[in-house]
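# Coordinate inspection notes
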Amino acid sequence: MKFLTFTDVHEDHEKLQELVQRASEPDIDFVICAGDISTFGNGLKNVLGNFNKLGKKMYVIPGNHEENLELEKILQEFPNCVYLHQQAIKIDDYILLGYGGGGFAQEDATFRKIARFWYGKYNGKKIVLVTHMPPFGNKTDFLDNNHVGSKDYRKFIERIKPKLVICGHLHETVGSVDKLGKTKVVNPGWDGMIIELK
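Residues numbered from 1 in each chain as written. Predicted model: local features only at pLDDT ≥ 70, side-chain atom pairs only at ≥ 80, totals over all residues. Heavy atoms only, no water.

## Re the sheet that holds strand β2 (residues 30-33)
Spatially, β4-β3-β2-β1-β13 is the arrangement adopted by the 5 strands of the open sheet, whose pairing is mixed. Edge strands, defined here as strands with exactly one partner in the open sheet, are β4 (81-83) and β13 (193-196). Taking each pair of neighbouring strands and ignoring which way they run, the sheet shows an average axis angle of 25°. (Pairing = 2+ DSSP bridges. Helix = DSSP H or I, 4+ residues; strand = E, 2+ residues; numbered from the N terminus. Axes fitted to C-alpha atoms, helices over the stretch in contact; angles between N-to-C directions.)

## What to know about a positive patch on the surface
A grouping of Lys163, Lys179, Lys182 and Lys184 is seen on the molecular surface, where their side chains present a positively charged patch. Position of lysine 163 relative to the elements: it lies in the loop between α5 (151-160) and β10 (164-166). (Patch = residues over 30% accessible without salt bridge, like charges linked within 9 Å, V, L, I, M, F, W, Y side chains within 5 Å. Areas by Shrake-Rupley, 256 points an atom, 1.4 Å probe, with all protein chains shown as cover. Salt bridge = Lys/Arg side-chain N within 4 Å of Asp/Glu carboxyl O. Lys, Arg positive; Asp, Glu negative; His and termini not counted. Charge placed at Lys NZ, Arg CZ, Asp CG, Glu CD.)

## Focus: the packing of helix α1 (residues 13-23) against helix α2 (residues 44-52)
Look at α1 against α2: their axes get within 10 Å of each other, and the N-to-C directions meet at 20°. Comparing their axes, α2 and α1 come out roughly parallel. The hand of the α1/α2 crossing is right-handed. Along its contact with α1, which presents His13, Leu16, Leu19, Val20 and Ala23, the element α2 presents Asn46, Val47, Asn50 and Phe51. For the contact of α1 with α2, the class distribution of residues is 6 nonpolar, 3 polar and no charged. (Parallel < 35°, antiparallel > 145°, perpendicular 65-115°, else oblique. Left-handed = near helix turned anticlockwise from the far one by under 90°. Contact = heavy atoms within 4.5 Å. Nonpolar A, V, L, I, M, F, W, Y, C, P; charged D, E, K, R; others polar.)

## Here we look at the packing of aromatic side chains
A full pass over the atoms with the stated rule returns 9 aromatic pairs. Relative to phenylalanine 51, the ring of phenylalanine 6 has its centre 5.4 Å away and its plane inclined at 15°; by these criteria the two rings are stacked. You can see phenylalanine 6 sitting in strand β1 (residues 2-6) and its partner phenylalanine 51 sitting in helix α2, a full 45 residues away along the chain. Exposure remark for phenylalanine 6: the relative accessible area of 0% places this residue in the buried category. Since its relative accessible area comes to 2%, phenylalanine 51 is described here as buried. An aromatic cluster is built from Tyr99, Phe111, Trp118, Tyr153 and Phe156, whose rings are joined through pairwise contacts. (Phe/Tyr/Trp six-rings, centres within 6.5 Å; stacked < 30°, edge-to-face > 60°. Buried < 20%, exposed > 50% of the residue type's maximum accessible area, 1.4 Å probe, protein only.)

## A short note on the side chain of threonine 7
When you line up the elements, threonine 7 lands in the loop between β1 and α1. When sequence neighbours within four positions are dropped, the list of residues in contact with threonine 7 reads Ala34, Gly35, His132, Cys167, Gly168, His169, Asn187, Pro188, Gly189 and Trp190.

## Points about helix α4 (residues 109-122)
Here α4 spans 20 Å end to end across 14 residues, near enough to the 20 Å set by a 1.5 Å rise per residue. Of all the positions in α4, only Phe111, Ile114, Ala115, Trp118 and Tyr122 are classed as buried. Viewed along the axis of α4, the buried residues span an arc of 110°, placing them on a single side of the element. Turned more than 90 degrees away from the buried face of α4, the exposed residues are Ala109, Lys113, Arg116, Phe117 and Gly120. Structurally, α4 contributes buried residues whose contacts are with β5 (88-91), β6 (94-99), β7 (126-131) and α5. Sitting at the head of α4, aspartate 108 places a side-chain oxygen 3.0 Å from the backbone nitrogen of threonine 110. Following α4 by one or two positions, glycine 124 has its phi on the positive side, about 95°. (Expected span 1.5 Å × (residues − 1). Arc of directions from axis to C-beta. Polar contact = N/O pair within 3.5 Å; in protein donor to acceptor, adjacent residues only side chain to side chain.)

## What to know about the nonpolar core
Core analysis: the largest hydrophobic core is formed by 23 residues, its most contacted members being Phe6, Ile37, Leu48, Phe51, Met58 and Leu75. Mapped onto this core, the elements with two or more residues apiece are β1, α1, β2, α2, β3 (58-60), α3 (71-75) and β4. If near-sequence neighbours (up to four positions away) are discounted, isoleucine 37 is found in contact with Phe6, Val9, His10, Glu11, Leu44, Val47, Leu48, Met58 and Glu66. If you look at the next biggest cluster of nonpolar residues, it comprises 21 residues, including Met1, Ala34, Ile61 and Val186. (Core = buried A, V, L, I, M, F, W, Y, C linked by side-chain atoms within 4.5 Å.)

Read these as spatial facts, not as claims about activity.
Right, dumping it as structure tokens:
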């Protein structure tokens, strides 16, 4: 499967046009957005509407700019846009696990609870983990000479060993690619990345 992923576009119209155009190409199966598609909710419906028209699935988690919105309810207006936050969705041989929102808290009790359930159900499967905040201790979370990512995400990654982690939030690390063990970690940013998994 081959997909386009992006994050932190913040309703930038020029970037969005480029992303929608790339997503429309026949080699792209679906789209994953790792949050902050809007600016505190502004422009959200316009962005979703443009992707919805493509007729391909777009899996969306909230960023910190959408976490106080009723994103799940808003997405119901766009049948091709799927709410991925705290959800597990099977695509071919892979399981997409999504967890959005968050600022700079390195621990999250709600995530730990969901992670225990996910580990019990999906351990040993091919996993793609989609979070807004990056996991701790890699290039995607390095800011001002410190690692500022989620320690809870990191622990979960070390346990369940996803094939891929898609994250964002930190504009300073856009485009970063790293590894935690054998798990590839990417911050695709507003330019987006094309990823192919077999």
